[in-house]
Amino acid sequence: MSGRQHRETEIARRIRAKGLAAGRTSAQIADEIHEACMAHFSTTRIKAHRLSHGIALADVIEQVRALFERDQKPMPGIGETLLSAYESGLKRPGPEYLHYLCTVYRVEPAALGYEGPCICGHGHRMPGVIGGEVKEPRRLPTDRDLVIKPMEPEPDAEEDENILRRTLLNLLGTDANASAELDGPVLGACEGIRRRMDETLVSATVSAAMLDQWEEATISLGRQYTTTAPLRLLCDVLLELSAVRTAMSRRQPTDLAERLCRMAAQLAGLSGMILINLGDHRLARSFFRTGRTAADETGDRALRAWICARESLIPLYFGDAREALHLAKKSRDLAGSTPCPAQAMAPVVEARALAMMTGADRKREVVDQAKRALARARNAFSHMREEDQEDLAFGYTEKQLCFYQGDVLTKLGETIEAEVILDQALSKYEDHIVDQTLIRFDQAHCKLIDGDVEEAVAIGTRALNLVGDEYLTDFIVRPALALEQAIISKDANAPGLEAFRVALRRPKTQLKGGGA
């Protein structure tokens, strides 16, 4: 322990001893420690609460782990390094960790220095606190504080966030994902957050440390895109987007404003991607439009091209190949000669749209255009930065390239080459059940084209039975119905067709849990 830390601990120990002798609560002692130490040691409120209990970082970690064990949850990844980062203000705990830290200290998030209610929706306050409220300590300003004055509360914004928090809390239950749906209140909360972000973008201080934290959170949410159930992830993403919007509601210095707009664009785009997976293409379009507005503020061609390329997937998946082709070309033009994910993604969407437009006659000219687009995509991918080649959400990966190349070849009727590439793609997708399912549907279509109807039915049925309830959205159901129609056109009495229909139309609660 450094001399500075030792002095801080000694002061806190004396304040704690006097407070206990006077009968004060731990929350009141924490307020006194924060007020006495903030100016000299930059002691945060969350650290003051640990000091008021007279415990070490390791003690807090063990209490959090015990609470996770009590709630029958997997052991958390929180350790002393992460908790120390929370206490120094370098990082902010996520909703779940914040809930358990509030439980350990028996206070609300505000007492630990964080805005907004806890995800659980009920109080943690320690019995005996006057009026059930924690006194707001006097806070000395620091040079990292750029906010000019407190913002007025927004009841509608708080209600939307609370709806998402309640939904997220329900999804944290062991079996909650099985019955989760994108219902009216959740849709309304999504639209409310998106609309207020639009309003902020056309009207908008925050510390550099907080921006660093939000940027890290945005990257982390992107990594969860393939591993977290879509509705659960949507709640997390929109709560983060709402926090960014709050910071943007006042005018910022130019450099900070640009970083906030970048995060807003990425989070809005990620929301649109998740909503595609949930099957709500109308709301997905709205979020991509918000993302475009935010991206335009940054002047970053690569970011604008990424938003446009991601938006092109809506008409691609929901039946308008010509619009998808138009948006893909627009994305390619925006990217220009800048090596970026959109340079690889846009030509792939072009190829997929062209393949959808070839029809039964397989016009040679269109087929050649589609294959040339794939060649451009592979070339662009080879020039991308390594970190972009590993990012499924904000970049473009080799397994995505394989999957979409196989999809194009399937639609073009090139089954021999398509099956090889689809097998490669499926072997690379270990944690993304949505794309795994779409790959298997393509494999089934290859078998249909080759005349093996029974195997096509078997592959389609296995694919549906692997889909967890939380992933069985219109995004999966629509291509499954298209596969069913293709099977019927080949053989209306195909062996196993009834089992395929049962798997597709079975009540969600009876479907197998997802994951491959």
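Thresholds, definitions, all that
Each chain has its residues counted from 1, following the order in which its sequence is written. Whole-chain, interface and lining totals are the exception, using all residues; otherwise, since this is a predicted model, local features are given only for residues with pLDDT of at least 70 and side-chain atom pairs are given and counted only at 80 or more. Each side-chain value is worked out from all heavy atoms of the structure, with water and hydrogens disregarded. Secondary structure elements are taken from DSSP: a helix is a run of H or I of four residues or more, a strand is a run of E of two residues or more, and numbering for both begins at the N terminus. The buried label goes to any residue with under 20% of its type's maximum accessible area, the exposed label to any with over 50%, and the partly exposed label to all in between, with areas taken from a 1.4 Å probe on protein chains only. Throughout, the Shrake-Rupley method with a 1.4 Å probe supplies accessible areas, and for residues the shown protein chains are the sole cover considered. Just to be clear on terms, a salt bridge is a Lys or Arg side-chain nitrogen sitting within 4 Å of an Asp or Glu carboxyl oxygen. Working convention: axes come from line fits to C-alpha atoms, limited for helices to the stretch in contact. Angles between N-to-C directions cover 0 to 180 degrees. Roughly parallel means an angle under 35 degrees; roughly antiparallel, over 145; roughly perpendicular, 65 to 115; everything else is oblique. Should the near helix be turned anticlockwise from the far one by less than a right angle, the crossing is termed left-handed; should it be turned clockwise, right-handed. Throughout, a residue-residue contact means that at least one pair of heavy atoms, one from each residue, lies within 4.5 Å. Under this grouping Gly is polar, as are all residues other than the nonpolar Ala, Val, Leu, Ile, Met, Phe, Trp, Tyr, Cys and Pro and the charged Asp, Glu, Lys and Arg. Joining through side-chain atoms within 4.5 Å is the link that ties buried Ala, Val, Leu, Ile, Met, Phe, Trp, Tyr and Cys residues into a set, and such a set is a nonpolar core. Any two of the Phe, Tyr and Trp rings considered here, Trp counted by its six-membered ring, make a pair once their centres fall within 6.5 Å; the pair's planes then place it as stacked at under 30 degrees, edge-to-face at over 60, or tilted in between. Two thresholds decide whether a charge sits over a ring: the Lys NZ or Arg CZ must be within 6 Å of the ring centre and within 35 degrees of the ring normal. pLDDT gives the predictor's per-residue confidence on a scale running from 0 to 100. Note that the arc is computed from the directions linking the helix axis to the C-beta atoms.

A few words on the overall build of the chain. Counting its regular elements, the chain contains 23 helices and 0 strands. In the chain, buried positions account for 51% of the 516 residues. Here the chain has roughly 23300 Å² of accessible surface; of this, 50% comes from carbon and sulfur atoms.

Side chains that differ in sign of charge can pair as their charged atoms come close. Inspection of every chain in the model, using the stated rule, returns 32 salt bridges. Residue Glu498 pairs with Arg501 through a salt bridge whose shortest N-O separation is 4.0 Å. Here Glu498 pairs with Arg501, and both are found in helix H23 (residues 497–505), just 3 residues apart, close to one helical turn. Owing to a relative accessible area of 51%, Glu498 belongs among the exposed residues under this scheme. Among the ionic contacts, a cluster of salt bridges with common partners joins Glu484, Glu498, Arg501 and Arg505.

Before going further, it helps to spend a moment on the packing of helix H16 (residues 341–357) against helix H18 (residues 398–411). The geometry of H16 relative to H18 is characterised by a closest axis approach of 8 Å and an angle of 20° between their N-to-C directions. The angle between H16 and H18 places the two elements in the roughly parallel class. Both H16 and H18 take part in a crossing whose hand is left-handed. Packed against H16, whose contacting residues are Val348, Ala351, Arg352, Ala355 and Met356, the element H18 presents Leu401, Tyr404, Asp407, Val408 and Lys411 at the interface. In the contact of H16 with H18, the residues fall into 7 nonpolar, no polar and 3 charged.

On to the nonpolar core, then. Within the largest apolar cluster, 122 residues are counted, with the highest numbers of intra-cluster contacts made by Leu270, Ile276 and Leu464. No other element matches helix H11 (residues 254–278), which puts 14 residues into this core. Dropping the residues within four chain positions of it, Leu270 is found in contact with Leu221, Gly222, Tyr225, Val237, Trp306, Ala393 and Phe394. Within the second largest apolar cluster, 23 residues are counted, among which are Ile55, Phe68, Tyr105 and Tyr114.

A word on the packing of aromatic side chains. Within the structure shown, the criterion is met by 7 aromatic pairs. Both rings, one in Phe68 and one in Tyr97, keep their centres 6.2 Å apart while their planes meet at 65°; by these two values the pair is edge-to-face. Residue Phe68 is located in helix H4 (residues 57–70), and its partner Tyr97 is located in helix H6 (residues 95–105); the two are separated by 29 residues in the primary sequence. In terms of burial, Phe68 and Tyr97 fall into one category: buried. For the ring pair Tyr317 and Phe475, a centre distance of 4.7 Å and an interplane angle of 85° mean the geometry is edge-to-face. Within this pair, whereas Tyr317 is found in helix H14 (residues 313–317), its partner Phe475 is found in helix H22 (residues 474–490), the two being separated by 158 residues in sequence. Its end group placed over the ring of Phe68, Lys73 keeps NZ or CZ at 6.0 Å from the ring centre. The aromatic ring of Phe403 is capped on one face by Arg352, whose charged end is 5.9 Å from the ring centroid.

Here we come to the environment of Ile314. With respect to the helices and strands, the residue Ile314 is situated in helix H14. Separated by 32 residues in sequence, Ile314 and Arg282 place their C-alpha atoms 9.0 Å apart.

A word on helix H13 (residues 301–311). Burial within H13 is extensive, with 8 of its 11 residues counted as buried. Listed in full, the buried residues belonging to H13 are Leu303, Ala305, Trp306, Ile307, Cys308, Ala309, Arg310 and Glu311. Elements in contact with the buried residues of H13: H11, helix H12 (281–298), H14, helix H15 (321–335), H16 and H18.

Scored by pLDDT, the chain has a mean of 83; 87% of the residues are at 70 or more. Across the chain, the secondary-structure element scoring lowest on mean pLDDT is helix H8 (residues 184–203), at 79, and the one scoring highest is H13, at 95. Throughout residues 126–151 the model reports pLDDT below 50, and contacts reaching past four residues in sequence, or to other chains, amount to 41 contacts. Predicted confidence is poor over residues 509–516, with pLDDT under 50, and the contacts of this stretch with residues over four places away or in other chains come to 21 contacts.

As a further point, take H23. Every buried residue belonging to H23 is among Leu497, Phe500, Ala503 and Leu504, and all of these are buried. In an axial view of H23, the angular spread of the buried residues amounts to 120°, which keeps them on one side of the axis. Facing away from the buried surface of H23 by more than 90 degrees, the exposed residues are Glu498 and Arg505. Buried-residue contacts for H23 involve helix H21 (453–465) and H22.

The next subject is the packing of H11 against H13. Orientation of H11 relative to H13, taken along the N-to-C sense of each, is 15°, at an axis distance of 10 Å. As judged from the angle between their axes, H11 and H13 are roughly parallel. Crossing of H11 against H13: the hand is left-handed. Here H11 contributes Arg262, Ala265, Gln266, Gly269, Leu270, Met273 and Ile276 to the contact with H13, which in turn contributes Leu303, Trp306, Ile307 and Arg310. Per-class residue counts for the contact of H11 with H13 are 7 nonpolar, 2 polar and 2 charged.

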